[in-house]
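The residues making up each chain are set out below.
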Amino acid sequence: MVHHNESANSTGSVGAQHDSNSTSDTHKKRSRPSSPTLSSNAPNIAPALRNCLHMHTRPHWENISLRNAPMFLLRSNIGGTKSSERKAARNDLSTLPDWNDNVTFNIFGKECKMRRRICQYSSGGNISYSYSGLKKNTTDAPDFPPILYQIKCQVETLICDYIMKLLNENDGTILSTINSDFVDMVKTMNQSKDAKKKEIYNYCLLNHYRNGEEYMGYHSDDETSLDQNVPIASVSLGVTRHFDIKPKKKNSEGKRPRAARIDLGDGDLLLMFKPMQDHYEHQIPVEKRVIGERINLTFRRIIN
Ligand SMILES: O=C(O)CCC(=O)C(=O)O
């Protein structure tokens, strides 16, 4: 259940940390398999994005998994390889016509106004996705605008290439932590010549944090309308913000201490695999000293 609420925690430290249970980075740099990429059929790819699909021939994915929460992080890749390209992508995203600045949500029966802006887009423009706690949230998400579609293609390509690389290298260590239904889905997509069948994500939620005071409270993305076999792909553009993770279950002292803090920076791509949403919540806490904006894109697959 999503509670994109305002119960943020503003304690902070700098740098990525795991508070417990982290696994080591077992990624080894090897050459990339020459598999066809998902973007090869995608129309209208902007030159900056097309370049970055090819320039990063060996994307370095970090395995930052927690127990019951396979997570993989790729730094500084999305939206362009140069920060000026990513800034241009961010500007395009921030001027999309569908941002909603006036979203209210219910918390313990009280109606509150959300501080950040949000908007949503989907494939074909006829998908709706509801969040508990949010009011009037069942309108259809419009079709992906070109800039978002381009980023989606880049994300899908990187994911597909990563999974195919793990398969080609027979890297059982990492593959065993990723649910096999998704691995099979990628294999099928990789063989398909039909561009439509190569689509992993059909929906994107955008969050715009205009400064460090804007935040998102602890929640998990575990709605039944989400295809939990498909990892949530979270793209960050703009200023670096903390991403905190804490378990749903209390420890023996009846507490739920933070399990990890990841600093998400410009162009970073975080993949959150099943069963993370069953076991953990995450938040973007207030960071009063942070100046500057951040746009986050979470690509999801909706099955309703
Ligand atoms: O801004 C972020 O990185 C968090 C986004 C998020 O948790 C969500 O959209 O559910």
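The model shown is predicted, which means the values in this text are computed figures rather than measured ones.

A. Representation of the site of the ligand within the structure. Close contacts around the ligand come from Leu-205, Asn-207, Met-216, Asp-221, Ser-234, Phe-243, Leu-264, His-282, Ile-284, Asn-296 and Thr-298, and that covers them all. For the shell around the ligand, the elements supplying multiple residues, two or more each, are strand S7 (203-209), strand S13 (280-284) and strand S14 (294-300). Of the residues belonging to the shell around the ligand, the class tally is five nonpolar, five polar and one charged.

B. Expanded view of the packing of helix H2 (residues 83-94) against helix H3 (residues 146-168). Orientation of H2 relative to H3, taken along the N-to-C sense of each, is 130°, at an axis distance of 9 Å. As far as their axial angle goes, H3 and H2 are oblique. Here Ala-89, Asp-92 and Leu-93 of H2 lie close against H3, whose contacting residues are Ile-147, Leu-148 and Ile-151. Across the contact of H2 with H3, the residue classes tally to five nonpolar, no polar and one charged.

C. Region of the structure containing helix H5 (residues 180-191). A rise of 1.5 Å per residue sets the reference length of H5, with its 12 residues, at 16 Å; its end C-alpha atoms lie 17 Å apart and thus fit the reference within 8%. Turning to H5, its buried residues are Phe-182, Val-186 and Met-189. Angular distribution of buried residues about the axis of H5 spans 65°; they occupy a single face of the element. In H5, the exposed positions that point more than 90 degrees away from the buried face belong to Ser-180, Asp-184, Thr-188 and Gln-191.

D. Region of interest: the environment of Ser-192. Tracing the chain through its elements places Ser-192 in the loop between H5 and S7. Taking the number of C-beta atoms within 10 Å as the measure of exposure, Ser-192 has 14 and is therefore partly exposed. Excluding anything up to four places from it in sequence, Ser-192 contacts Lys-197 and Lys-198.

E. Structural view of unusual backbone geometry. In this chain, Lys-274 is followed by Pro-275 through a cis amide linkage whose omega measures 5°. Of note, the phi angle at Asn-68 is positive, near 65°, even though the residue is not glycine. Located in the positive-phi region is Ser-76, a residue other than glycine, with phi close to 55°. Following the sequence through the fold, Ser-76 ends up in the loop between strand S3 (71-74) and H2.

F. Quick look at the sheet that holds strand S9 (residues 232-238). Taken in spatial order, the seven strands make up an open sheet running S2-S3-S12-S9-S14-S7-S6, and their pairing is antiparallel. Looking at strand neighbours, the two that pair on one side only are strand S2 (61-63) and strand S6 (117-122), the edges of this open sheet. Along the sheet, successive strands turn relative to each other by an average axial angle of 20°, direction set aside. Sheet analysis places S9 next to strand S12 (residues 269-272), joined by four bridges and oriented antiparallel. Looking at S12, one finds that Ile-232 is bridged to Met-272. The strands touched by H3 are S2, S3, S6, S7, S9, S12 and S14; relative to S9, the strand with the most contacts, the crossing angle is about 125°.

G. Spotlight on the environment of Gly-124. Turning to its location among the elements, Gly-124 is positioned in the loop between S6 and H3. You can call Gly-124 exposed: it has 11 C-beta atoms within 10 Å. When the C-alpha atoms of Gly-124 and Asp-143 are compared, they prove to be 5.1 Å apart, with 19 residues separating the residues in sequence.

H. Seen up close, H2. For H2, which comprises 12 residues, the first-to-last C-alpha distance of 16 Å matches the rise-based estimate of 16 Å (1.5 Å per residue) to within 8%. Looking at H2, one finds that the buried residues are Arg-86, Ala-89, Arg-90 and Leu-93. For H2, the angular spread of the buried residues around the axis is 100°, confining them to a single face. Residues of H2 that are exposed and angled more than 90 degrees away from the buried face: Ser-84 and Asn-91. In this fold, the buried residues of H2 make contact with H3, S7, S9 and S14.

I. Here's a closer look at the packing of H3 against H5. Between H3 and H5, the least distance of the axes is 10 Å, while the angle of their chain directions is 105°. For the element pair H3 / H5, the angle class is roughly perpendicular. Counting all contacts with H3, which are made through Cys-160, Ile-163 and Met-164, the residues of H5 involved are Val-183, Val-186, Met-189 and Asn-190. In the contact of H3 with H5, the residues fall into six nonpolar, one polar and no charged.

Cut-offs applied
Residues numbered from 1 in each chain as written. Predicted model: local features only at pLDDT ≥ 70, side-chain atom pairs only at ≥ 80, totals over all residues. Near = placed C-beta within 6 Å. Helix = DSSP H or I, 4+ residues; strand = E, 2+ residues; numbered from the N terminus. Nonpolar A, V, L, I, M, F, W, Y, C, P; charged D, E, K, R; others polar. Axes fitted to C-alpha atoms, helices over the stretch in contact; angles between N-to-C directions. Parallel < 35°, antiparallel > 145°, perpendicular 65-115°, else oblique. Contact = placed C-beta atoms within 7 Å. Expected span 1.5 Å × (residues − 1). Buried ≥ 20, exposed ≤ 12 C-beta atoms within 10 Å, placed from the backbone. Arc of directions from axis to C-beta. Pairing = 2+ DSSP bridges.

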